[in-house]
Amino acid sequence: MNQDEMKKAAGWAALEYVERDTIVGVGTGSTVNHFIDALGSIKGDIEGAVSSSEESTRRLKEYGIPVFDLNTVDQLSVYVDGADEINDHMQMIKGGGAALTREKIIAAVAEKFVCIADQSKLVKLLGEFPLPVEVVPMARSYVARQLVKLGGDPVYREGVITDNGNIILDVHNFNVVNACELERQINGIVGVVTNGFFAERSADSLLLATPDGVKKINNK
(Lines give C-alpha, C1' and ligand atoms only; values in the text may rest on other atoms or scores of the structure.)
Protein backbone atom coordinates (compact mmCIF):
# COMPACT_ATOMS: atom_id res chain seq x y z
CA MET A 1 0.00 0.00 0.00
CA ASN A 2 1.16 3.52 -0.73
CA GLN A 3 0.69 6.30 1.83
CA ASP A 4 -2.75 7.37 0.63
CA GLU A 5 -3.95 3.77 0.62
CA MET A 6 -2.73 3.42 4.21
CA LYS A 7 -4.58 6.61 5.19
CA LYS A 8 -7.73 5.23 3.59
CA ALA A 9 -7.37 1.95 5.46
CA ALA A 10 -7.03 3.79 8.80
CA GLY A 11 -9.99 6.05 8.02
CA TRP A 12 -12.32 3.20 7.17
CA ALA A 13 -11.14 1.13 10.15
CA ALA A 14 -12.42 3.88 12.47
CA LEU A 15 -16.01 2.96 11.58
CA GLU A 16 -15.64 0.25 14.22
CA TYR A 17 -15.85 2.97 16.90
CA VAL A 18 -18.96 4.68 15.53
CA GLU A 19 -22.12 3.81 17.45
CA ARG A 20 -25.55 3.81 15.86
CA ASP A 21 -27.80 6.84 16.40
CA THR A 22 -25.01 8.97 17.86
CA ILE A 23 -23.30 12.23 16.94
CA VAL A 24 -19.72 11.66 15.86
CA GLY A 25 -16.80 14.04 16.43
CA VAL A 26 -14.91 14.53 13.18
CA GLY A 27 -11.43 16.03 12.83
CA THR A 28 -9.58 17.56 9.91
CA GLY A 29 -6.99 16.46 7.38
CA SER A 30 -6.19 14.05 4.59
CA THR A 31 -6.64 10.90 6.67
CA VAL A 32 -9.89 12.22 8.17
CA ASN A 33 -11.19 12.87 4.66
CA HIS A 34 -11.18 9.09 4.18
CA PHE A 35 -13.06 8.69 7.47
CA ILE A 36 -15.67 11.16 6.20
CA ASP A 37 -16.00 9.05 3.05
CA ALA A 38 -16.55 6.04 5.30
CA LEU A 39 -19.17 7.91 7.36
CA GLY A 40 -20.97 8.71 4.13
CA SER A 41 -21.51 4.98 3.62
CA ILE A 42 -23.42 4.69 6.94
CA LYS A 43 -24.98 8.14 7.11
CA GLY A 44 -28.41 6.67 7.72
CA ASP A 45 -27.17 4.96 10.88
CA ILE A 46 -25.87 8.07 12.67
CA GLU A 47 -27.58 11.19 13.92
CA GLY A 48 -24.89 13.49 12.57
CA ALA A 49 -21.49 14.96 13.33
CA VAL A 50 -19.64 17.75 15.08
CA SER A 51 -16.85 19.09 12.90
CA SER A 52 -13.50 20.68 13.77
CA SER A 53 -13.17 22.79 10.61
CA GLU A 54 -15.08 24.50 7.85
CA GLU A 55 -13.51 22.14 5.31
CA SER A 56 -14.66 19.01 7.14
CA THR A 57 -18.10 20.56 7.57
CA ARG A 58 -18.30 21.11 3.83
CA ARG A 59 -17.36 17.51 3.08
CA LEU A 60 -19.82 16.12 5.64
CA LYS A 61 -22.66 18.19 4.21
CA GLU A 62 -21.82 16.98 0.71
CA TYR A 63 -22.69 13.50 1.97
CA GLY A 64 -25.91 14.78 3.52
CA ILE A 65 -24.63 14.25 7.06
CA PRO A 66 -26.12 16.81 9.50
CA VAL A 67 -23.47 18.93 11.25
CA PHE A 68 -24.27 20.12 14.76
CA ASP A 69 -22.94 23.05 16.75
CA LEU A 70 -21.01 21.61 19.69
CA ASN A 71 -22.91 23.93 22.03
CA THR A 72 -26.08 21.96 21.30
CA VAL A 73 -24.47 18.58 22.06
CA ASP A 74 -24.18 17.22 25.62
CA GLN A 75 -21.63 14.52 24.87
CA LEU A 76 -19.81 12.71 22.10
CA SER A 77 -19.06 9.01 22.35
CA VAL A 78 -16.11 9.26 19.97
CA TYR A 79 -13.89 11.81 18.25
CA VAL A 80 -11.84 10.63 15.27
CA ASP A 81 -8.89 12.68 14.04
CA GLY A 82 -5.41 12.37 12.61
CA ALA A 83 -2.04 13.54 13.89
CA ASP A 84 1.08 15.20 12.54
CA GLU A 85 3.10 13.20 15.08
CA ILE A 86 2.15 10.66 17.75
CA ASN A 87 4.38 8.88 20.25
CA ASP A 88 4.10 5.63 22.21
CA HIS A 89 2.28 7.45 25.03
CA MET A 90 -0.44 8.53 22.55
CA GLN A 91 0.65 12.16 22.92
CA MET A 92 0.43 14.11 19.68
CA ILE A 93 1.38 17.22 17.78
CA LYS A 94 -1.53 18.45 15.69
CA GLY A 95 -2.40 21.61 13.82
CA GLY A 96 -0.71 21.28 10.46
CA GLY A 97 -4.10 22.14 8.98
CA ALA A 98 -4.55 25.08 11.40
CA ALA A 99 -7.66 23.57 13.04
CA LEU A 100 -5.98 22.76 16.38
CA THR A 101 -8.23 24.83 18.65
CA ARG A 102 -11.50 23.32 17.49
CA GLU A 103 -9.87 19.90 17.42
CA LYS A 104 -8.75 20.29 21.03
CA ILE A 105 -12.19 21.45 22.15
CA ILE A 106 -13.96 18.49 20.56
CA ALA A 107 -11.35 16.07 21.95
CA ALA A 108 -12.04 17.45 25.43
CA VAL A 109 -15.77 16.71 25.09
CA ALA A 110 -15.47 13.22 23.61
CA GLU A 111 -15.53 10.10 25.79
CA LYS A 112 -13.06 8.38 23.44
CA PHE A 113 -10.44 9.95 21.17
CA VAL A 114 -9.39 7.71 18.29
CA CYS A 115 -6.34 8.77 16.30
CA ILE A 116 -6.06 7.53 12.72
CA ALA A 117 -2.64 7.72 11.09
CA ASP A 118 -0.22 6.01 8.75
CA GLN A 119 3.01 4.61 10.16
CA SER A 120 5.07 7.66 9.17
CA LYS A 121 3.39 9.66 11.97
CA LEU A 122 4.59 7.40 14.81
CA VAL A 123 7.72 8.85 16.43
CA LYS A 124 9.89 8.16 19.48
CA LEU A 125 10.08 11.83 20.49
CA LEU A 126 7.72 14.67 19.60
CA GLY A 127 9.12 17.81 18.06
CA GLU A 128 10.53 17.14 14.62
CA PHE A 129 7.24 18.45 13.23
CA PRO A 130 7.03 22.17 14.10
CA LEU A 131 4.56 22.87 16.90
CA PRO A 132 1.62 25.03 15.73
CA VAL A 133 0.50 27.73 18.15
CA GLU A 134 -2.73 29.65 17.49
CA VAL A 135 -2.32 33.29 18.49
CA VAL A 136 -4.53 36.39 18.65
CA PRO A 137 -3.08 38.56 15.84
CA MET A 138 -2.15 41.60 17.96
CA ALA A 139 -0.09 39.37 20.28
CA ARG A 140 2.03 37.78 17.54
CA SER A 141 5.34 39.49 18.32
CA TYR A 142 4.94 39.24 22.09
CA VAL A 143 4.06 35.54 21.95
CA ALA A 144 6.98 34.88 19.60
CA ARG A 145 9.40 36.45 22.11
CA GLN A 146 8.02 34.30 24.92
CA LEU A 147 8.30 31.16 22.80
CA VAL A 148 11.96 31.96 22.18
CA LYS A 149 12.46 32.15 25.96
CA LEU A 150 11.05 28.62 26.18
CA GLY A 151 13.67 27.42 23.71
CA GLY A 152 11.69 27.44 20.49
CA ASP A 153 12.19 29.11 17.13
CA PRO A 154 8.77 30.49 16.07
CA VAL A 155 7.99 31.16 12.41
CA TYR A 156 4.87 33.05 11.30
CA ARG A 157 2.77 30.91 8.92
CA GLU A 158 2.26 33.43 6.13
CA GLY A 159 -1.15 33.78 4.56
CA VAL A 160 -2.98 31.50 7.02
CA ILE A 161 -5.96 32.65 9.06
CA THR A 162 -7.66 30.06 11.26
CA ASP A 163 -11.40 29.44 11.23
CA ASN A 164 -11.40 31.47 14.47
CA GLY A 165 -9.78 34.51 12.81
CA ASN A 166 -6.35 34.04 14.38
CA ILE A 167 -2.83 33.40 13.10
CA ILE A 168 -0.42 30.48 13.49
CA LEU A 169 3.16 30.45 14.72
CA ASP A 170 5.01 27.22 13.90
CA VAL A 171 7.67 26.59 16.54
CA HIS A 172 10.78 24.71 15.47
CA ASN A 173 13.59 23.15 17.51
CA PHE A 174 11.73 22.52 20.76
CA ASN A 175 13.47 19.96 22.96
CA VAL A 176 10.35 18.12 24.11
CA VAL A 177 11.25 16.40 27.38
CA ASN A 178 7.84 16.80 29.05
CA ALA A 179 5.07 17.49 26.53
CA CYS A 180 2.40 18.03 29.20
CA GLU A 181 4.43 20.66 31.01
CA LEU A 182 5.39 22.46 27.80
CA GLU A 183 1.76 22.40 26.67
CA ARG A 184 0.75 24.12 29.91
CA GLN A 185 3.56 26.68 29.74
CA ILE A 186 2.71 27.75 26.21
CA ASN A 187 -1.00 27.96 26.95
CA GLY A 188 -0.14 30.24 29.85
CA ILE A 189 1.30 32.91 27.54
CA VAL A 190 -1.11 35.82 27.17
CA GLY A 191 -2.36 35.95 23.58
CA VAL A 192 -2.07 32.22 22.95
CA VAL A 193 -5.40 30.58 22.14
CA THR A 194 -3.93 27.08 22.36
CA ASN A 195 -1.05 25.03 21.02
CA GLY A 196 -0.74 21.83 19.04
CA PHE A 197 0.38 19.55 21.83
CA PHE A 198 -2.31 16.98 22.57
CA ALA A 199 -0.51 15.61 25.60
CA GLU A 200 -2.77 16.30 28.56
CA ARG A 201 -5.66 15.01 26.43
CA SER A 202 -3.91 12.22 24.56
CA ALA A 203 -5.52 9.67 22.28
CA ASP A 204 -7.29 6.67 23.79
CA SER A 205 -6.70 4.46 20.76
CA LEU A 206 -4.50 4.60 17.68
CA LEU A 207 -5.37 2.98 14.37
CA LEU A 208 -1.96 2.82 12.72
CA ALA A 209 -1.93 1.90 9.05
CA THR A 210 1.06 -0.09 7.79
CA PRO A 211 1.74 -1.91 4.52
CA ASP A 212 0.65 -5.08 6.35
CA GLY A 213 -2.67 -3.66 7.53
CA VAL A 214 -4.08 -1.48 10.31
CA LYS A 215 -2.76 -2.06 13.82
CA LYS A 216 -4.94 -1.16 16.80
CA ILE A 217 -3.00 0.25 19.74
CA ASN A 218 -4.75 1.23 22.97
CA ASN A 219 -3.47 3.76 25.49
CA LYS A 220 -2.05 2.01 28.54
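Conventions we followed
- Residues numbered from 1 in each chain as written.
- Predicted model: local features only at pLDDT ≥ 70, side-chain atom pairs only at ≥ 80, totals over all residues.
- Heavy atoms only, no water.
- Buried < 20%, exposed > 50% of the residue type's maximum accessible area, 1.4 Å probe, protein only.
- Helix = DSSP H or I, 4+ residues; strand = E, 2+ residues; numbered from the N terminus.
- Pairing = 2+ DSSP bridges.
- Axes fitted to C-alpha atoms, helices over the stretch in contact; angles between N-to-C directions.
- Contact = heavy atoms within 4.5 Å.

Q: Tell me about helix α2 (residues 30-40), and name the residues and values.
A: Extensive coverage of α2 is indicated by the burial of 8 of its 11 residues. Taken as a whole, α2 has its buried residues at Thr31, Val32, His34, Phe35, Ile36, Ala38, Leu39 and Gly40.

Q: I'd love a proper account of the sheet that holds strand β12 (residues 205-210), names of residues and values included.
A: Sheet strands pair via backbone hydrogen bonds, and the direction of the pair is either parallel or antiparallel. Spatial strand order, β2-β1-β3-β6-β12-β13: 6 strands in an open sheet with mixed pairing. In this open sheet, the two edge strands, each paired with only one partner strand, are β2 (48-51) and β13 (213-218). Taking the axes of each pair of neighbouring strands and ignoring which way they run, one obtains an average angle of 25 degrees across the sheet. Judged from the 5 bridges that link them, strand β6 (residues 110-118) and β12 form a sheet pairing that is parallel. Residue pairing in the sheet places Asp118 in a bridge with Ala209 of β12. Of the strands in this sheet, β6, β12 and β13 touch helix α1 (residues 3-13), which is tilted by about 160 degrees from β6.

Q: Quick one: what's the story with the environment of Leu15, residue by residue and with numbers?
A: Residue placement: Leu15 occurs in the loop between α1 and β1 (23-26). Distance in space between the C-alpha atoms of Leu15 and Gly152 is 38 Å, their sequence separation being 137 residues. In this structure Leu15 touches Phe35, Ala38, Leu39, Ser41 and Ile42, once residues within four positions along its chain are discounted.

Q: Give a description of the pairing of strand β3 (residues 76-81) that names residues and reports values.
A: Burial analysis of β3 places 6 of its 6 residues in the buried class, the great majority of the element. Note that β1 and β3 share 2 bridges and pair parallel. When the sheet's bridge partners are listed, Val26 is paired in β3 with Val80. Relative to β6, β3 is paired through 5 bridges, and the arrangement is parallel. Residue pairing for β6: Tyr79 is matched across the bridge by Phe113.

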